[in-house]
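# Summary of the model geometry
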Amino acid sequence: MAERAFMVRAGNDNELVEEFESRSLVAVGWEELGDVSDIRSYEEMKARFNSTDEYSEHNSRRLAQNAGQVNRFALEMEEGHLVLSYDKTEREYLIGEVTSGYEWKPGDHPPGYPHVRRVEWKDTVSRDEFTTSTKNTLGSTLTVFSLDDCIDEIAGVLSGETPEESEDEEDTVPFVDEVENQADELISDILANMDPFVFEELVAAVLRAMGYHAKKTRDSQDRGIDVVAHPDSLGFESPYIKAQVKRQQSKVGSPDMRAFTGTLGNGERGLFVSTGGYTSEAQDAARNAEQRVTLIDRDEFIDLLIQHYDDLESEYQATVPLKRVYIPSQDPPLEE
């Protein structure tokens with residue numbers, strides 16, 4: 001039996017599945033990396049991504065994830081390993097055996113997918129042949145990922161065996177968390193490349209979507225305060241909120257936090273939004289401030305953005321365009 005198994009998805013929208021099958025290969029993109037046959041480790045692969053202009057601006061998590069996928073394809077995959085690819089139109093998996101080392105084929109078919117492995121396809125298997133846990137694993141949204149945990153079942157199905165459903169199958173759907181995490185990272189990429197002044201406007205817009213009357217301050221008169229907000233339209237009701245907004249990769253330190261808290265008067269509240277997070281000293285300074293200060297990091301801001309997205313003004317929805325996606329629930333149907 002093969003020692004390892006991998007999934008290689010057939011393009012961004014399954015458009016390459018027929019070419020994979022007819023040409024007996026699997027292939028992945030990331031064309032700008034160039035030939036990676038000289039790379040010998042995951043750390044070297046990450047360094048290649050970091051030094052490639054098209055990927056150098058990606059956040060650390062996305063960079064590590066993509067480097068891991070190319071690393072699996074080029075370094076970990078070997079001749080004799082099992083490889084699967086999905087035909088979502090037929091709901092079938094192509095299952096084959098890797099028959100070559102890594103190949104760099106720029107300009108060849110499929111165009112834009114120059115990293116290639118040759119495959120001898122053995123069979124096609126319906127998705128329904130697998131157990132729930134294996135289907136959940138196969139449902140990952142990554143382009144290249146390991147199927148080592150499922151290799152016994154895959155080999156059994158390939159030989160005609162019918163796997164038995166375990167009684168203790170998980171009730172949750174693992175790919176839900178993965179999809180949410182990837183969505184957060186894509187939103188994070190948008191924020192990371194957003195003009196800082198546009199990000200300040202977006203923060204004010206999210207506060208308005210939450211029910212506050214909020215506006216961006218005039219840049220020349222803000223004294224470090226980027227947004228002000230209050231519950232009523234005239235600003236009479238408490239609390240009066242002053243917000244400072246930092247779209248940056250580095251953490252906010254205690255000097256910036258103390259300067260911010262020093263602008264807060266009696267009855268005023270502070271809101272600090274930083275995509276880079278905060279040092280422990282800055283968090284201490286916020287806790288020790290005479291006036292209440294709330295700190296929001298990148299992930300917390302993304303959560304607020306998603307939670308109140310439907311109430312966001314259309315011009316600000318356009319700065320972070322999102323699409324609602326429905327995923328089947330594992331809860332049992334209601335009985336009539």
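Residues numbered from 1 in each chain as written. Predicted model: local features only at pLDDT ≥ 70, side-chain atom pairs only at ≥ 80, totals over all residues. Heavy atoms only, no water.

### A look at the packing of helix α9 (residues 254-261) against helix α10 (residues 280-287)
Where α9 contacts α10, the two axes come as close as 8 Å, and the packing angle between them is 20°. Judged on the interaxial angle alone, α10 and α9 are roughly parallel. Seen along the crossing, α9 lies across α10 with a hand that is right-handed. From α9, Ser254, Met257 and Arg258 reach across to α10, where they touch Glu281, Ala282, Ala285 and Ala286. In terms of residue class, the contact of α9 with α10 is made up of four nonpolar, one polar and two charged. (Axes fitted to C-alpha atoms, helices over the stretch in contact; angles between N-to-C directions. Helix = DSSP H or I, 4+ residues; strand = E, 2+ residues; numbered from the N terminus. Parallel < 35°, antiparallel > 145°, perpendicular 65-115°, else oblique. Left-handed = near helix turned anticlockwise from the far one by under 90°. Contact = heavy atoms within 4.5 Å. Nonpolar A, V, L, I, M, F, W, Y, C, P; charged D, E, K, R; others polar.)

### So, the pairing of strand β6 (residues 115-126)
Pairing between strand β2 (residues 25-28) and β6: four bridges, direction antiparallel. Its bridge partner being in β6, Val28 is matched across the sheet by His115. Bridge analysis of strand β4 (residues 92-98) against β6 gives seven bridges, and the strand direction is antiparallel. Residue pairing for β6: Glu97 is matched across the bridge by Glu120. (Pairing = 2+ DSSP bridges.)

### Some details on the pattern of salt bridges
Opposite charge on two side chains permits them to pair, given that their charged atoms come into close proximity. As enumerated under the stated definition, the model contains 16 salt bridges in all. When the shortest N-O distance is used, the salt bridge between Asp108 and Arg23 registers 3.8 Å. Of the two residues, Asp108 sits in the loop between β5 (103-104) and β6 while Arg23 sits in helix α1 (residues 17-23), which places them 85 residues apart along the sequence. Classification of Arg23 as partly exposed rests on a relative accessible area of 31%. The closest approach of N and O atoms between Glu120 and Lys122, which form a salt bridge, is 3.4 Å. Judged by its relative accessible area of 41%, Lys122 falls in the partly exposed class. Through salt bridges that share partners, Arg4, Glu76 and Asp148 make up one connected network. (Salt bridge = Lys/Arg side-chain N within 4 Å of Asp/Glu carboxyl O. Buried < 20%, exposed > 50% of the residue type's maximum accessible area, 1.4 Å probe, protein only.)

### Section: the packing of helix α2 (residues 42-51) against helix α4 (residues 60-76)
Two elements in contact, α2 and α4, have axes separated by 9 Å at closest approach and are oriented at 125°. Comparing the axis directions of α2 and α4 gives the class oblique. Seen from above, α2 lies across α4 with right-handed handedness. Note on element contacts: α4 touches α2 through Leu63, Ala64, Asn66, Ala67, Gly68, Val70, Asn71 and Leu75, opposite Tyr42, Met45, Lys46, Phe49 and Asn50. Classifying every residue of the contact of α2 with α4 by side-chain character gives eight nonpolar, four polar and one charged.

### Re unusual backbone geometry
We note that Ser24 has phi near 55°; this positive angle belongs to a residue other than glycine. Located in the positive-phi region is Trp30, a residue other than glycine, with phi close to 55°.

### Digging into the confidence of the model for the chain
Residues at a pLDDT of 70 or more form 91% of the chain, whose mean pLDDT is 86. For the chain, per-element mean pLDDT is lowest for helix α7 (residues 174-192), which scores 74, and highest for helix α8 (residues 196-209), which scores 95. (pLDDT = per-residue confidence, 0-100.)

### Regarding the environment of Met45
With respect to the helices and strands, Met45 occurs in helix α2. Residue classification places Met45 among the buried positions, given a relative accessible area of 0%. With 10 residues separating them in the primary sequence, Met45 and Asp35 have C-alpha atoms 11 Å apart. The contact partners of Met45, leaving out residues within four places of it in the chain, are Val36, Ile39, Ala67, Val70, Asn71 and Leu75.

### A look at the pairing of strand β1 (residues 5-8)
Residues Ala5 and Met7 line one face of β1 and the alternating positions Phe6 and Val8 line the opposite face, and both faces are buried. Two elements, β1 and strand β3 (residues 82-87), share three bridges in a ladder whose sense is parallel. Within β3, the position partnered with Met7 by the bridge is Leu84.

### Some details on the environment of Glu281
Within the secondary structure, Glu281 sits in helix α10. Through-space distance from the C-alpha of Glu281 to that of Ser254 is 5.3 Å; in sequence the pair is 27 residues apart.

### Some words on the sheet that holds strand β9 (residues 227-230)
Here we have five strands laid out as an open sheet, ordered β8-β9-β10-β11-β12, and mixed in their pairing. Two strands bound the open sheet, and with one partner strand each, they are β8 (213-216) and β12 (293-296). Strand-to-strand twist in this sheet, taken as the mean axis angle between neighbours without regard to direction, amounts to 20°. Where helix α11 (residues 298-307) meets the sheet, it contacts β11 (268-274) and β12, and its direction lies at approximately 90° from that of β12.

### Observations concerning the nonpolar core
Ranked by size, the top nonpolar core spans 32 residues in total, and within it Val8, Phe20, Val26, Val36, Phe49 and Phe73 carry the most contacts. Apart from the residues lying within four places of it in its own chain, the contact partners of Val26 are Val8, Phe20, Phe73, Val83, His115, Val116, Arg117, Val119 and Trp121. Counting 28 residues, the second-largest nonpolar core is a separate cluster that includes Ala204, Ile241, Ile302 and Tyr309. (Core = buried A, V, L, I, M, F, W, Y, C linked by side-chain atoms within 4.5 Å.)

### Points about the environment of Glu300
Examined against the element boundaries, Glu300 turns out to sit in helix α11. For Glu300, a relative accessible area of 38% gives the class partly exposed. Along the sequence, Glu300 and Ser274 sit 26 residues apart, while their C-alpha atoms lie 9.8 Å from each other.

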